[in-house]
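# Breakdown of the fold
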Amino acid sequence: MTQRDVRDTSVHSLPQALRNRKFKAGELICKAEPFAHVIGAQANGMFCDWCAKPPTVSRLLKCGSCKYEHYCNKKCQKKAWAYHKFECPLLKAISPKIPPDSVRLMTKILWKLSRKVTTVENDPGWREWNDLCPQIKVIERDAQRKGALLKVMITINAYVGTDKLIENGMKCGEEMIPELGRLSFNGYTLTSMGTQEIGAGLYLSPSVFNHSCAPNAVHICDGTALTVRAIRDIDTSQEPVFVNYVDPMTPKAERQAILLDDYCFTCQCTKCTNEENEAILESTICPDCGGQVLYVLILNDDEKIMKCSQCKHEFTDGMAYFQAVENCVKEGAKLVKHAIENDFVGPKELKKYLSKGEKVLSDVNCTISLAKSTLYATLSERGQEKEAYELGEQITRLLKLYYPEGYSAHGLHQWKQARLAWNLDMYDAALKHYELAHQQMVITHGAEHSMTQTVLSDVEECRRDSIVHERFKAMQAS
């Protein structure tokens, strides 16, 4: 099997088993367990370190020695012991400090490789570890990336100890660089409930899928299992399977920068090359007539031009308005970043920004959309459910502008709206949202996924509550 260049977006980038295939929307394309994974420090104690699932009835069991890893039960603990008996004394020795997730994940991979393990059970078998491209030339050309990998290498040497690495037949020093390169270009984020980031993993067969900001498939976690499903009909004789590496709601320039920095390619997908649509999603408001101002292609001497679609007024990058737009975008991006990091940003700050920002940026601008999505999450977390629900109805429309039909974000949002409506005793609305969520999740998650099953159980309970509520109202009326 040959190593794949991440820039190859032809049908030949697919393994032979997936070529000349036709997949219906919702059909499973791939399901795999990780070659290696870790639960991140931010989720420590909330998810089982073996199966990546939350506790079902009680607290997770804590390792009695290192006091760090947690498990659902003795069964999970026993399965994890093959590797944990190596890592446990390392964690105990540096407690309460914990190495970065990337260090723990790479250490686990090096340990597996030292035992000649290059594949994983419950994987389609399209790739082995050595089929992943180490990207040595890319690393040598990129001083920043090389520096970051060298830092991980040095930390692993300090964490495990050179003598112990050698004793266990594990690569040490610069021998790690090719393996670090394989990991850095092929890692996945482990998620729970569709959105919560809980850790990191390396999946072999799913790594064959290239990126598109307008994907035709989605990857979804259920515990440690990763599934890839078609979100529309796909004929792989005509097009490859695409997933997304970057959130499509992210502004184009930021998406392109992330993809270039992390994966060394410039995306040329249908979303990125649709200049008119991207201009709408970054549109602003004309200070003269209130019309929609769109970016125009960069003209003479790299001068950026913005033009009002209504009064035709042009704004160049030397004008005060142009600077005001850039400042507003930067302020919004910074605020959203701080809110996500829980840096003391609440509804008040976000509302204040939106009140000011919506005078400069259009209501569909990606910065405004991200700020609204962040406010929605913040209001929901703080129990301000009526306000969150009303804002959520606006966001439903926005999601359709940024994500392809069938994308997982639509179903997850409908599920959140259903729960808010239920809590507000809006049972008809809740059941409508649940129906939409279930229809969507059958496609993106599959009928047996824990999220899809959660939706079904919620529906039954919501219906029971609705009946009780109606009876109570009837009693009060009589």
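Residues numbered from 1 in each chain as written. Predicted model: local features only at pLDDT ≥ 70, side-chain atom pairs only at ≥ 80, totals over all residues. Heavy atoms only, no water.

## Brief notes about the confidence of the model for the chain
Taken as a whole, the chain shows an average pLDDT of 91; of its residues, 96% reach a score of 70 or greater. When the elements of the chain are averaged for pLDDT, strand S14 (residues 292-296) gives the smallest value, 84, and strand S3 (residues 36-39) the largest, 98. Across residues 1-6, confidence stays below pLDDT 50; counting only partners more than four residues off in sequence or on other chains, it has 26 contacts. (pLDDT = per-residue confidence, 0-100. Helix = DSSP H or I, 4+ residues; strand = E, 2+ residues; numbered from the N terminus. Contact = heavy atoms within 4.5 Å.)

## Some points on the packing of aromatic side chains
When we look at a pair of aromatic rings, we describe it by the centre distance and by the angle of the planes. This model, assessed by the stated rule, comprises 10 aromatic pairs. Where Tyr83 meets Trp111, the ring centres are 5.1 Å apart and the plane angle is 70 degrees; that geometry is what we call edge-to-face. Placement of the pair is Tyr83 in helix H1 (residues 74-94) and Trp111 in helix H2 (residues 101-114), with a sequence separation of 28 residues. Both residues of the pair, Tyr83 and Trp111, belong to the buried class. An aromatic cluster is built from Tyr83, Phe86 and Trp111, whose rings are joined through pairwise contacts. Above the face of the Phe35 ring, Lys112 is positioned so that its terminal group lies 4.7 Å from the ring centre. (Phe/Tyr/Trp six-rings, centres within 6.5 Å; stacked < 30°, edge-to-face > 60°. Buried < 20%, exposed > 50% of the residue type's maximum accessible area, 1.4 Å probe, protein only. Lys NZ or Arg CZ within 6 Å of the ring centre and 35° of its normal.)

## Details of the packing of H2 against helix H6 (residues 177-186)
In the contact formed by H2 and H6, the axes pass within 11 Å of each other and the chain directions differ by 120 degrees. Here H6 runs oblique to H2, going by the angle between their axes. Where H2 crosses over H6, the two elements pack in a sense that is right-handed. Residue-level contacts link Ser102, Leu105, Met106, Ile109, Leu110 and Leu113 of H2 to Glu179, Leu180 and Leu183 of H6. Class assignment for the residues of the contact of H2 with H6 results in 7 nonpolar, 1 polar and 1 charged. (Axes fitted to C-alpha atoms, helices over the stretch in contact; angles between N-to-C directions. Parallel < 35°, antiparallel > 145°, perpendicular 65-115°, else oblique. Left-handed = near helix turned anticlockwise from the far one by under 90°. Nonpolar A, V, L, I, M, F, W, Y, C, P; charged D, E, K, R; others polar.)

## Describing the pairing of strand S9 (residues 217-222)
On a regular strand, one side chain projects to one face of the sheet and the next to the other, so that they alternate. As paired elements, S9 and strand S10 (residues 225-230) share 6 bridges and run antiparallel to each other. Paired with Cys221 across the strands is Leu226, a residue of S10. Here S9 folds back onto S10, and the loop between the two strands holds 2 residues, one of which, Gly223, carries a positive phi near 70 degrees. (Pairing = 2+ DSSP bridges.)

## Quick notes on helix H10 (residues 347-357)
Among all positions of H10, only Pro347, Leu350, Tyr353, Leu354 and Gly357 are buried. Burial along H10 is one-sided: seen end-on, the buried residues are contained in an arc of 130 degrees. Exposed residues lying more than 90 degrees from the buried face of H10 are Lys348 and Lys352. Against helix H9 (320-340) and helix H11 (366-381) lie the buried residues of H10. (Arc of directions from axis to C-beta.)

## A look at the layout of surface pockets
Within this model, the second largest pocket holds a volume of roughly 690 Å³. Lining the second largest pocket we find 26 residues, and of these Pro34, His37, Trp50, Lys79 and Lys112 sit closest to its centre. Breaking the lining of the second largest pocket down by element, the ones donating at least two residues are S3, H1 and H2. Tallying contributions element by element places H1 first for the lining of the second largest pocket, with 8 residues. (1 Å grid on protein atoms, 1.4 Å probe; cavity = no way out; pocket = protein on both sides within 12 Å on 5 of 7 lines; lining within 4 Å. Points joined across faces, edges and corners; volume = space filled by probe spheres on them.)

## Comments concerning H1
Taking 1.5 Å of rise per residue, 21 residues should cover 30 Å, yet H1 covers just 25 Å from first to last C-alpha, more than 12% shy of that figure. Helix geometry: H1 is bent most strongly at Ala82, by close to 65 degrees. Residues Cys76, Ala80, Tyr83, His84, Phe86, Glu87, Cys88, Leu90 and Leu91 constitute the buried set of H1. Of the surrounding secondary structure, the elements contacted by the buried residues of H1 are strand S5 (70-71), H2, helix H4 (143-160) and helix H5 (162-167). Between the side-chain oxygen at the start of H1 and the backbone nitrogen of Lys75 there is a gap of 3.1 Å, and the oxygen is on Asn73. (Expected span 1.5 Å × (residues − 1). Bend = angle between axes of the 7 residues up to and from the residue. Polar contact = N/O pair within 3.5 Å; in protein donor to acceptor, adjacent residues only side chain to side chain.)

## Things to note about the nonpolar core
Val293, Met306, Tyr353, Leu361, Tyr403, Trp415 and Tyr434 are the most contacted members of the largest nonpolar core, which totals 53 residues. Those residues in contact with Met306 that lie beyond four places of it in its chain are Thr284, Val293, Leu294, Tyr295, His313, Glu314, Phe315, Tyr321, Phe322 and Val325. Among the nonpolar cores identified, the runner-up in size contains 36 residues, and Leu90, Trp111, Met176 and Leu183 belong to it. (Core = buried A, V, L, I, M, F, W, Y, C linked by side-chain atoms within 4.5 Å.)

## Remarks on the sheet that holds S9
Here 3 strands make up an open sheet; going across it, the order is S2-S10-S9 and the pairing antiparallel. Pairing within the sheet leaves two strands with one partner each, and these edge strands are strand S2 (28-32) and S9. Across the sheet, the mean angle from the axis of one strand to that of its neighbour is 15 degrees, orientation sign disregarded.

## Points about the packing of H9 against H11
Their axes nearest at 9 Å, the elements H9 and H11 cross at an angle of 25 degrees. Judged on the interaxial angle alone, H11 and H9 are roughly parallel. The hand of the H9/H11 crossing is left-handed. Contacts between H9 and H11 involve Val329, Gly332, Ala333, Val336 and Ala339 from the former and Thr367, Leu370, Ala371 and Thr374 from the latter. Split by residue class, the contact of H9 with H11 holds 6 nonpolar, 3 polar and no charged.

## Let's talk about the sheet that holds strand S6 (residues 187-192)
Pairing within the open sheet is antiparallel, and its 3 strands lie in the order S3-S7-S6. The sheet is open, and its two edges are formed by S3 and S6, each paired on a single side. Across the sheet, the mean angle separating the axes of adjacent strands is 30 degrees when strand polarity is ignored. Pairing analysis gives 6 bridges linking S6 to strand S7 (residues 196-202), with the strands arranged antiparallel. From the neighbouring strand, Tyr188 faces S7, where its bridge partner is Gly201. Each of S3 and S7 touches H2; the most contacted strand, S3, lies at about 150 degrees to it. Taken strand by strand, H6 contacts S6 and S7, and its axis lies near 45 degrees from that of S6.

## What about the pattern of salt bridges?
Within the structure shown, the criterion is met by 19 salt bridges. Between Lys356 and Glu331 there is a salt bridge, and its shortest N-O distance comes to 3.0 Å. In this pair, Lys356 sits in helix H10 while Glu331 sits in helix H9, placing the two residues 25 residues apart along the sequence. With a relative accessible area of 43%, Lys356 lands in the partly exposed category. Overall, Glu331 belongs to the partly exposed group, its relative accessible area being 34%. (Salt bridge = Lys/Arg side-chain N within 4 Å of Asp/Glu carboxyl O.)

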